[in-house]
Amino acid sequence: MTNDVAKIRSHAKFIKAAEVLTSEHDRFVEEIVTLTEIPAPPFKEAVRAAAYEKMFHALGLQDVGLDEIGNVTGLRRGTGNGALVVASSHLDTVFPEGTDVTVRREGTKLMAPGVGDDTRGLAALLAFIRALDEAGIETEQDILFVGDVGEEGKGDLRGIRHLFTHGVYKDRIGAFFTFDGIEPDELTVGAVGSYRYRITFTGPGGHSLADFGTVNPAFALGHFLVGMSQLNVPKAPRTTFCASVLQGGTSVNAIPEAVWVEVDLRSEDADVLAQLDADVLSLIETAVVAENTRGTASSGKITADAEKIGNRPAGKTDRNADIVKLCESALETFDFKPVLGASSTDANIPMSLGIPAVKFGHGGSGGNAHRLDEWIDVEPTQSLRGLKAGLLALIATAGFSES
């Protein structure tokens, strides 16, 4: 068994696997189209998951099935009894139900919502499985292939969170790949954590004229937002905050009974994120006290509720970890120049648990992710270069059996 990237790259079996990726590239493209045109809105990934499960069955993976939360899993057994290596891509897109997901082609470009994020990743896993099988490659460690739910938005990483905390494989995973994003040289080894809240201010309400002077939850919200805008956060570790969605009130001539805002707090460092969280919660209390002091509260006081609607843990993979070094070497072998960075992906969960994990781009080029005009270019030269680098990194991490 070897983890030597150069030795694996030059082995006849890997050369054969690379040839399979090349000869099957048109099939890979067709699978991108097929999967893209199966809608997978947030929390409604079931139809795409069922199709993906059938694809896993057709490829001969073992123990194929849907877990309790909706992830599709399939096992490719290795020669040893070591910890599992997970290769995952997410099933869901950011686009709501009813979005037209028909793929439009212009030359080698494919255009449709979700075509790159992360449908190309799902197709990449299928291509990897075919290449491994047709080349007769055996790995030391089992590889668990996963199409997971809930990566985007309010899905809150629920699919991978379940895999690591409640799933049947939760205590067997030793390394984790999420194949997500286009550019392979952008290797994610840090997890940007985030807390997301819906903060609701409520009060007695009233007529804008007759009840003038009554405490107003909109003023409390304004006080809170001004305070939030003045928070100081470090540039390193990168830390951010945003007030993103606001709603409330019933009429222009009525004091609202309730208003709310959704906020997003992020940091690469768990302790810094915790401090930002504490600061924001303190601002809420300050805003409530300020408005109850300012206005008349004879009909009722301002109250506030902070409902946490998202919790993505921060974390990191040691830059000297085997998975990182092997990924860097695999990328360099295919003339990429890896840049190590941090982002918010499915890898947040294993990183926060101390399990070595990376986000690895699946190749080609593209743009406008999370937009209706999202596109990818599947021109074979660049597309295959990324796929081959990803497969090489996966094999090296799982251990290549030289027999």
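Here the structure is shown first, and the text comes after it.
Residues numbered from 1 in each chain as written. Predicted model: local features only at pLDDT ≥ 70, side-chain atom pairs only at ≥ 80, totals over all residues. Heavy atoms only, no water.

It is worth spelling out the environment of Tyr169 at this point. As for its placement among the helices and strands, Tyr169 is situated in the loop between helix 6 (158-165) and strand 7 (173-179). Each C-alpha atom of the pair Tyr169 and Ala83 lies 9.8 Å from the other, and the pair is 86 residues apart in sequence. Beyond its immediate chain neighbours, meaning those up to four positions away, Tyr169 contacts Asp63, Thr73, Leu84, Leu144 and Leu163. (Helix = DSSP H or I, 4+ residues; strand = E, 2+ residues; numbered from the N terminus. Contact = heavy atoms within 4.5 Å.)

In a regular helix each residue adds 1.5 Å, so 12 residues correspond to 16 Å; helix 3 (residues 25-36) covers 17 Å between its end C-alpha atoms and thus fits that length. Taken residue by residue, helix 3 has His25, Phe28, Val29, Glu31, Ile32, Val33, Leu35 and Thr36 as its buried positions. (Expected span 1.5 Å × (residues − 1). Buried < 20%, exposed > 50% of the residue type's maximum accessible area, 1.4 Å probe, protein only.)

Moving on to the pairing of strand 13 (residues 258-267). By the criterion of burial, strand 13 is predominantly enclosed, with eight of the 10 residues buried. In the sheet, strand 11 (residues 239-248) pairs with strand 13 via nine bridges, with the strands oriented antiparallel. From the neighbouring strand, Ala243 faces strand 13, where its bridge partner is Val263. (Pairing = 2+ DSSP bridges.)

Time to look at helix 4 (residues 46-58). Its 13 residues give helix 4 an end-to-end C-alpha distance of 18 Å, which sits within 8% of 18 Å, the value for a rise of 1.5 Å per residue. By the burial criterion, the buried members of helix 4 are Arg48, Ala49, Tyr52, Glu53, Met55 and Phe56. Seen end-on, helix 4 carries its buried residues on one side only, within an arc spanning 160°. More than 90 degrees from the buried face of helix 4, the exposed residues found are Ala46, Val47, Lys54 and Ala58. (Arc of directions from axis to C-beta.)

Moving on, we come to the sheet that holds strand 14 (residues 303-312). Across the sheet, which stays open at both edges, the four strands sit in the order 11-13-9-14 with antiparallel pairing between neighbours. Each edge of the sheet is formed by a strand with only one pairing partner; in this case those strands are strand 11 and strand 14. Shown here is a sheet whose adjacent strand axes are inclined to one another by a mean of 20°, direction ignored. Helix 7 (residues 217-229) rests against strand 9 (193-202), strand 11 and strand 13 of the sheet, and its axis sits at about 15° to strand 13. Strands strand 9, strand 11, strand 13 and strand 14 of the sheet are contacted by helix 8 (residues 270-294), whose axis makes an angle of about 5° with strand 9. (Axes fitted to C-alpha atoms, helices over the stretch in contact; angles between N-to-C directions.)

A few words on the packing of helix 5 (residues 115-134) against helix 11 (residues 380-398). With their axes 10 Å apart at the nearest point, helix 5 and helix 11 run at an angle of 65° to one another. As for the relative orientation of helix 5 and helix 11, their crossing is right-handed in sense. Each of Arg120, Ala124, Phe128, Ala131 and Leu132 in helix 5 lies in contact with helix 11, whose residues at this interface are Ser383, Leu387, Gly390, Leu391, Leu394 and Ile395. The class makeup of the residues in the contact of helix 5 with helix 11 is eight nonpolar, two polar and one charged. (Left-handed = near helix turned anticlockwise from the far one by under 90°. Nonpolar A, V, L, I, M, F, W, Y, C, P; charged D, E, K, R; others polar.)

Turning our eyes to something else, we now look at unusual backbone geometry. Residue Asp118 is reached from Asp117 by a cis peptide bond, and omega for that bond is 5°. Following Ala236, the chain continues into Pro237 via a peptide bond in cis, with omega recorded as -5°. Inspection of the secondary structure puts Pro237 in the loop between helix 7 and strand 11. For Asn368, which is not glycine, the phi torsion reads 60° and is therefore positive.

Here the focus is the side chain of Ser194. Along the chain, the position of Ser194 falls in strand 9. Setting aside its immediate chain neighbours within four residues, Ser194 contacts Asp264, Leu265, Arg266, Leu273, Gly310, Asn311 and Arg312.

Turning to the pattern of salt bridges, a few remarks are in order. What the rule picks out here adds up to 22 salt bridges. Between Glu402 and Lys7 there is a salt bridge, and its shortest N-O distance comes to 3.2 Å. Residue Glu402 is found in the segment after helix 11, and its partner Lys7 is found in helix 1 (residues 5-10); the two are separated by 395 residues along the sequence. Judged by relative accessible area, Glu402 falls into the partly exposed class, the value being 33%. With a closest N to O distance of 2.9 Å, Arg76 and Asp133 form a salt bridge. Separated by 57 residues along the polypeptide, Arg76 in strand 2 (residues 72-76) and Asp133 in helix 5 bring together distant segments of the chain. We classify Arg76 as buried; its relative accessible area is 11%. Sharing partners across several salt bridges, the network here consists of Glu24, Arg27, Glu31 and Arg130. (Salt bridge = Lys/Arg side-chain N within 4 Å of Asp/Glu carboxyl O.)

Another aspect to go through is the sheet that holds strand 5 (residues 109-111). Strand order in this open sheet of four strands is 4-5-19-18, and the pairing throughout is antiparallel. Every other strand in the sheet has two partners, leaving strand 4 (104-106) and strand 18 (365-367) as the edge strands with one partner each. Across the sheet, the mean angle from the axis of one strand to that of its neighbour is 20°, orientation sign disregarded. Running at roughly 45° to strand 19 (residues 375-377), helix 5 makes contact with strand 5 and strand 19 of the sheet.

Here we come to the packing of helix 9 (residues 322-333) against helix 11. With their axes 8 Å apart at the nearest point, helix 9 and helix 11 run at an angle of 145° to one another. Handedness of the crossing formed by helix 9 with helix 11: right-handed. Facing Ile323, Leu326, Cys327, Ala330, Leu331 and Thr333 of helix 9, the residues of helix 11 in contact are Ala389, Leu392, Ala393, Ala396 and Thr397. Looking at side-chain class alone, the contact of helix 9 with helix 11 contains nine nonpolar, two polar and no charged residues.

Counting residues in hydrophobic clusters, the biggest one holds 73 residues, and the most contacted among them are Tyr52, Phe145 and Phe177. Ranked by the residues each element gives to this core, the list is headed by helix 5, at 11 residues. Once residues lying within four places of it in the same chain are set aside, the contact partners of Phe145 are Phe56, Leu61, Val72, Thr73, Gly74, Arg76, Ala87, Leu125, Phe128, Ile129, Leu132 and Leu394. Core analysis: the second largest hydrophobic core is formed by 22 residues, Phe201, Val215, Val263 and Ile302 among them. (Core = buried A, V, L, I, M, F, W, Y, C linked by side-chain atoms within 4.5 Å.)

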